[in-house]
Amino acid sequence: MAAEQKATKEEVKMDLFEDDDEFEEFEINQDWVENEEQVKEVGLQWEDDWDDDDVSDDFSHQLRKELETISADKK
Amino acid sequence: MAYVSMGEAHRRITEYLNRFCGAVSYQDSPMLCRLLSFSSNSPSLLSLADALNVFQDASILIRQSDKFSEYGEILAHLFRSLQSYRFGNLVEAYLAFEKFANAFVQEFRNWESAWALEALYVVCYEIRILAEKADKELTSNGKSPEKLKAAGSLLMKVFGVLAGKGPKRVGALYVTCQLFKTYFKLGTVNLCRSVIRSIETARIFDYEEFPRRDKVTYMYYTGRLEVFNENFPAADTKLSYALQHCNPKRERNIRMILKYLIPVKLSLGIIPKDELLQKYNLHEYMNVVQALRKGDLRLLRHALQEHEDRFLRSGVYLVLEKLELQVYQRLMKKIYIIQKLSDPARAHQLKLEVIAKALRWLEIDMDLDEVECIMTILIYKNLVKGYLAHKSKVVVLSKQDPFPKLNGKPVGS
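Residues numbered from 1 in each chain as written. Chains lettered and ligands numbered in written order. Predicted model: local features only at pLDDT ≥ 70, side-chain atom pairs only at ≥ 80, totals over all residues. Heavy atoms only, no water.

**Considerations on a negative patch on the surface**
Put simply, the test is: Note that patches include only residues with greater than 30% relative accessible area and no salt bridge, and the join distances are 9 Å for like charges and 5 Å for nonpolar side chains (Val, Leu, Ile, Met, Phe, Trp, Tyr). In these tables, accessible area is a Shrake-Rupley quantity obtained with a 1.4 Å probe, and a residue counts as shielded only by the protein chains included in the view. Salt bridges are defined as contacts in which a side-chain nitrogen from Lys or Arg sits within 4 Å of a carboxyl oxygen from Asp or Glu. In this tally Asp and Glu are treated as negative and Lys and Arg as positive; neither His nor the chain ends contributes. Charge positions are represented by NZ for Lys, CZ for Arg, CG for Asp and CD for Glu. Under the DSSP-based scheme used, a helix requires at least four consecutive residues in state H or I and a strand at least two consecutive residues in state E, with every element numbered from the N terminus.
On the surface, a cluster of negative charge is made up of Asp365, Asp367, Asp369 and Glu370 of chain B. Along the chain, Asp369 of chain B turns up in helix α22 (residues 368-380).

In structure tokens:
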């Protein structure tokens, strides 16, 4: 019984201090200036056309070599 | 604790009482905020606490003047809380502050205009912080923590007070965010639902009226909830809003938003640029992004293992694990492109044993039946367009667009 209680307390402790990602408070009476720069910056942060046909990287070279050994085996 | 003479103590307490009553009379919200911010540990509050300790019974002073005794109950609880706080008796400090807060909220209801809204925010913030400290004290003494939960109840009460037709209603989103922080800390995020429903459906609220800083915080937390529920398009909208409108100087907050937004974007086939990961120190995602770019399943598994604890703690592990299918798609596409280089006529036929060989090279051991299974899933989820020729153990790819891009939509939608 005592062991169980201890275990639940451990659990409770864990839950109590959870959430490493608590958002920091903003100052109440201050607002910040939003500008075009900020909005533009977001657009420069992501890529959605990365899925290209380029196989010139190292990984692709090694993959190609690996696949060629199959055809070599077959011959 | 500094030595204070009786005379000096008397002076300090009276000065505070005058300031408090003056702030209320002249509707001086910034002044009132300063008088209530225990957590600021301002010299004036600390010296007041020392004075209270010397004077022992400040209620004599409060009763001396009608002006003061009008707020007698509020002030008595406030003073008791401050004294306990100064002594480090945080459970006592919380209990007295809770009484103060209840009395203050009653008074606040009677003030017709919304002049004291910021002071109310301070009360909400302070009670949450005090409750957290009180719970730490309780657990360190082997007792059950329950003050943060109690603070949550009080915050709900405050929410109810603000959920009316008057000008006070713009404060509801701030209180909501305090509730979110409370529930997330307690691990009772399901309780967020009712207050979200109020904010988003109650007719008295016009979401556009709320201050932007509260909207940013609101979108961050509701965005996180959407991630937990794997509603990626909704999570994208909310977290992106938070990112776009967050104060750009608050880099820690921006980093937190990105921590959740990046897995969401990846699930929608959009990748973050390296500069973004560098700037906000999100190195844990670098290998994940690389794995997706290259089609490197081994790298993905390695990346998930390396940062397993971190990803589990933030709750994004499962989201990242599911990226595996997209990495498979990329790998299949690479195999197809490589085949096209040497034998374009037959490139659209992917032999299962070729796929198996590539997988074995990436330290994934699968027999042909398992490979067939994976390919079936990819086709079913529209990551690969084609069909399985079971007898010849070949995947026949569609001649047109055999590897459809997600285009901002989650897999299989």
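**A few points about the sheet that holds strand β4 (residues 394-397) of chain B**
Residues and elements named next belong to chain B. Selection criterion: Here, strands pair whenever DSSP counts at least two bridges between them. Axis geometry follows a simple rule: fit a line to the C-alpha atoms, using only the stretch in contact for helices, then measure angles between N-to-C directions, giving values from 0 to 180 degrees. Should any heavy atoms of two residues lie within 4.5 Å, those residues are considered in contact.
Reading across the sheet, the 3 strands line up as β2-β4-β3 and stay open at both edges, with antiparallel pairing between neighbours. Each edge of the open sheet carries a strand with a single partner, namely β2 (349-351) and β3 (386-389). On average, adjacent strands in this sheet sit at an angle of 20° to one another, irrespective of strand direction. With 3 bridges connecting them, β2 and β4 associate as antiparallel partners. By the bridge assignment for β4, Gln349 is matched with Val396. This element, helix α20 (residues 324-342), spans β2 and β4 of the sheet and lies at about 115° to β2. Packed onto the sheet, helix α21 (residues 352-361) meets β2, β3 and β4 and runs at close to 60° relative to β2.

**Regarding the interface of chain B and chain A**
Put simply, the rule reads: Defined in terms of a 1.4 Å probe, buried area is the accessible area two parts forfeit on being brought together, summed over both. Here a polar contact is taken to be a pair of N or O atoms separated by no more than 3.5 Å, where protein atoms must pair a possible hydrogen donor with a possible acceptor and residues adjacent in sequence count only if both atoms sit in side chains. Three classes are used: nonpolar for Ala, Val, Leu, Ile, Met, Phe, Trp, Tyr, Cys and Pro, charged for Asp, Glu, Lys and Arg, and polar for all others, with Gly counted as polar.
The interface of chain B with chain A comprises 70 residues on the first partner and 47 residues on the second. The contact between chain B and chain A buries some 6,100 Å² in all, and 57% of this surface belongs to carbon and sulfur atoms. Here chain B and chain A share 15 salt bridges between them. Ionic pairing is found between Glu24 of chain A and Arg250 of chain B, a salt bridge with its closest N-O pair at 3.2 Å. Here chain B is connected to chain A by 28 residue pairs in polar contact (both at pLDDT 80 or more). In terms of residues, the side of chain B that touches chain A owes the most to one element, helix α14 (residues 251-267) of chain B, which gives 10 residues. Split by residue class, the side of chain B that touches chain A holds 33 nonpolar, 11 polar and 26 charged. Sheet analysis places strand β1 (residues 46-47) of chain A next to strand β1 (residues 271-272) of chain B, joined by 2 bridges and oriented antiparallel.

**With respect to the packing of aromatic side chains**
By convention here, two paired aromatic rings are described through the distance between centres and the angle between planes. Residue and element names in this part refer to chain B. We count it as follows: Any two rings among Phe, Tyr and Trp, with Trp reduced to its six-membered ring, count as a pair given centres within 6.5 Å; such a pair is stacked if its planes are under 30 degrees apart, edge-to-face if over 60, and tilted if neither. A simple rule labels every residue: compare its accessible area, found with a 1.4 Å probe on the protein chains alone, to the largest value its type can have, and call it buried under 20%, exposed over 50%, or partly exposed in between. By the criterion adopted, a ring carries a charge over it if an Arg CZ or a Lys NZ lies within 6 Å of its centre and within 35 degrees of its normal.
Here the structure, examined in full by the defined rule, presents 26 aromatic pairs over all chains. Relative to Phe97, the ring of Phe38 has its centre 5.3 Å away and its plane inclined at 75°; by these criteria the two rings are edge-to-face. Here Phe97 lies in helix α7 (residues 90-110) and Phe38 lies in the loop between α2 (29-36) and α3 (43-55), a separation of 59 residues in the sequence. Phe38 gets classed as buried once you look at its relative accessible area, which sits at 2%. According to the relative accessible area criterion, Phe97 is buried, its value standing at 0%. Ring centres of Tyr207 and Phe210 lie 6.0 Å apart, and the angle between their planes is 75°; on these two criteria the pair is classed as edge-to-face. Positioned over the ring face of Trp361 is Arg298, at 6.0 Å from the centre of the ring.

**Some words on unusual backbone geometry**
Residue and element names in this part refer to chain B. Of note, the phi angle at Gln27 is positive, near 50°, even though the residue is not glycine. By the secondary structure assignment, Gln27 is in the loop between α1 (6-25) and α2. A positive phi angle, close to 70°, is found at Gln56, a residue other than glycine. Relative to the assigned elements, Gln56 resides in the loop between α3 and α4 (59-64). The class for Gln56 is exposed, based on a relative accessible area of 58%.

**Thoughts on the pattern of salt bridges**
With the rule as written, the count across this model stands at 35 salt bridges over all chains. We note a salt bridge from Arg293 of chain B to Glu47 of chain A, for which the minimum N-O separation is 3.0 Å. Taken together, the residues Arg293 of chain B in helix α16 (residues 286-294) and Glu47 of chain A in strand β1 connect one chain to another. By relative accessible area, Arg293 of chain B is classed as partly exposed at 27%. Through salt bridges with shared partners, a single network forms among Glu22 and Glu25 of chain A together with Arg128, Glu132, Lys181 and Lys185 of chain B.

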